[in-house]
Amino acid sequence: MSEFGEMIKEALLGEESFDPSPGAEAVKAVLQKFDRRMWTVRVLSWFVVAFMFALAIVMIVFLLQAPADESPGLLLLYAVLAVFGMTGVGMAKGYWFLMQNHFALMKEVKRTQLLLIEKAE
Amino acid sequence: MTNQRRQLIDEMIVLECQAGSTEAFEVLITRWQERLWRHAFRLTGREEAAWDVIQETWLAITQGIVRLQDATVFRRWAYTIVSRKAASWQRSRGRLERIEPLDADGNVLSQRKDASKRSPASNATALLREALEYLPSDRQVLLSLRHLEGFDVHEIAGILGIPEGTVKSRLHHAREELRHIVERIDR
């Protein structure tokens, strides 16, 4: 940055002091909203997984307990719904697993970068 | 703390937020509130409006942070939201808040800031600080994004929603205007 640029930065840095108190209530509201949002997402994802799991189990039970003269169309519907339920559970769990791994991996990368910077200093 | 280290810590906090940690979100707000508020204040020219803009910004961040693909772009993303919310506030008010430019006689501005609240500075810095007050608010925003926050021209263009060429020319004019005002005050 040029010398003039540095001077501008210094001048901008020295503006009047910041008072966070007018925003304190707003911060509380935002944090509550964030907390509620995360809770809703968690509950909804568990609900979806539970629904898919229940669907798969019920369809498998129907398939196993179906009478010998059950129509092939109905048996096929049970099988398709069971596969759909299992795929749903698998995909949801897989997505969750990948996301958690992604976050853990990225945090580890950042932590390593931070350590390298500290060592270099 | 070096900029690089601060940036890495911010990215780790963003990742924690994306994983659903409310504590991390509180830390994120603490670390960014002042900088984002100052940007909002420069854009709106009013303290109350800046607080409104900031609240709306954080609400937008709570909705979008989980979908943010790359934690490294959080800084630019947050500034972009502030700029959009401020523009929306200005549209809703039907006016553009500007700090009055220097008149022909070099008269003091009506919105002059309280000097007693500012940190002490060297003569050159004090002079420059005074000159900055005479600069229109959109020029102040550009200078602060470039020199205080360290955004490059491409990032500033994204934040303010204007072409890169316009950013370059406005930055050039802002610096020239500032030099001109400093010379007039110093005379």
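Residues numbered from 1 in each chain as written. Chains lettered and ligands numbered in written order. Predicted model: local features only at pLDDT ≥ 70, side-chain atom pairs only at ≥ 80, totals over all residues. Heavy atoms only, no water.

With respect to the overall build of chain B
In terms of helices and strands, chain B carries eight helices and zero strands. If you list the helices and strands of chain B from N to C, you get α-α-α-α-α-α-α-α. Scored against the burial criterion, the 187 residues of chain B give a buried share of 48%. Partitioning the contacts of chain B with sequence separation of at least 6, the portion at a separation of at least 24 is 63%. Counting every atom, chain B has about 9100 Å² of accessible surface; 46% of that belongs to carbon and sulfur. (Helix = DSSP H or I, 4+ residues; strand = E, 2+ residues; numbered from the N terminus. Buried < 20%, exposed > 50% of the residue type's maximum accessible area, 1.4 Å probe, protein only. Contact = heavy atoms within 4.5 Å. Areas by Shrake-Rupley, 256 points an atom, 1.4 Å probe, with all protein chains shown as cover.)

Section: the side chain of Arg 139 of chain B
Residue and element names in this part refer to chain B. By secondary structure assignment, the location of Arg 139 is in helix H6 (residues 137-148). Looking at Arg 139, its side chain comes within polar contact range of the side chain of Glu 177, at 3.3 Å. When residues no more than four places from it in sequence are discounted, the contact partners of Arg 139 are Arg 170, Ala 174 and Glu 177. (Polar contact = N/O pair within 3.5 Å; in protein donor to acceptor, adjacent residues only side chain to side chain.)

Details of the nonpolar core
Formed by 64 residues in total, the largest nonpolar core has its most connected members in Phe 25, Leu 28, Trp 58, Ile 65, Phe 74 and Leu 178 of chain B. Per-domain counts for this core show at least three residues from each of domain 1 (1-95) and domain 2 (113-187) of chain B. (Core = buried A, V, L, I, M, F, W, Y, C linked by side-chain atoms within 4.5 Å. Domains from an automatic or database assignment.)

As for the interface of chain B and chain A
Residue-level contacts link 50 residues of chain B with 40 residues of chain A. Together chain B and chain A conceal approximately 4400 Å² of surface at their shared face, both sides included; 70% is due to carbon and sulfur atoms. Linking chain B with chain A are two salt bridges, by the criterion used here. Where Glu 11 of chain B meets Lys 110 of chain A, a salt bridge forms, and the shortest distance between an N and an O atom there is 2.6 Å. Inspection of the region where chain B meets chain A yields four residue pairs in polar contact (both at pLDDT 80 or more). Elements that contribute at least two residues to the side of chain B that touches chain A include exactly helix H1 (3-18), helix H2 (22-44), helix H3 (47-64), helix H5 (123-134), H6 and helix H8 (164-186) of chain B. Among the elements that make up the side of chain B that touches chain A, the one with the highest residue count is H1 of chain B (10 residues). (Buried area = accessible area lost by both parts, 1.4 Å probe. Salt bridge = Lys/Arg side-chain N within 4 Å of Asp/Glu carboxyl O.)

A closer look at the domain arrangement of chain B
All names here are of chain B. For chain B, the domain assignment lists domain 1 (1-95) and domain 2 (113-187). Taking the mean C-alpha position of each, domain 1 and domain 2 sit 21 Å from one another. Between domain 1 and domain 2, the contact holds nine residues from the first and 14 residues from the second. In total, domain 1 and domain 2 occlude about 1100 Å² of area from one another, counting both sides; carbon and sulfur atoms represent 58% of this. Summed over the three residues of domain 1 that lose the most area to domain 2, namely Arg 42, Arg 75 and Arg 76, the buried surface amounts to 53% of that side. Along the contact surface separating domain 1 from domain 2 lie one salt bridge.

Thoughts on a nonpolar patch on the surface
All names here are of chain A. On the surface, Phe 53, Ile 57, Val 58, Val 61 and Phe 62 cluster together to form a nonpolar patch covering roughly 420 Å² of accessible area. Residue placement: Val 61 occurs in helix H2 (residues 24-65). Take Val 61: its relative accessible area is 34%, and that puts it in the partly exposed class. (Patch = residues over 30% accessible without salt bridge, like charges linked within 9 Å, V, L, I, M, F, W, Y side chains within 5 Å.)

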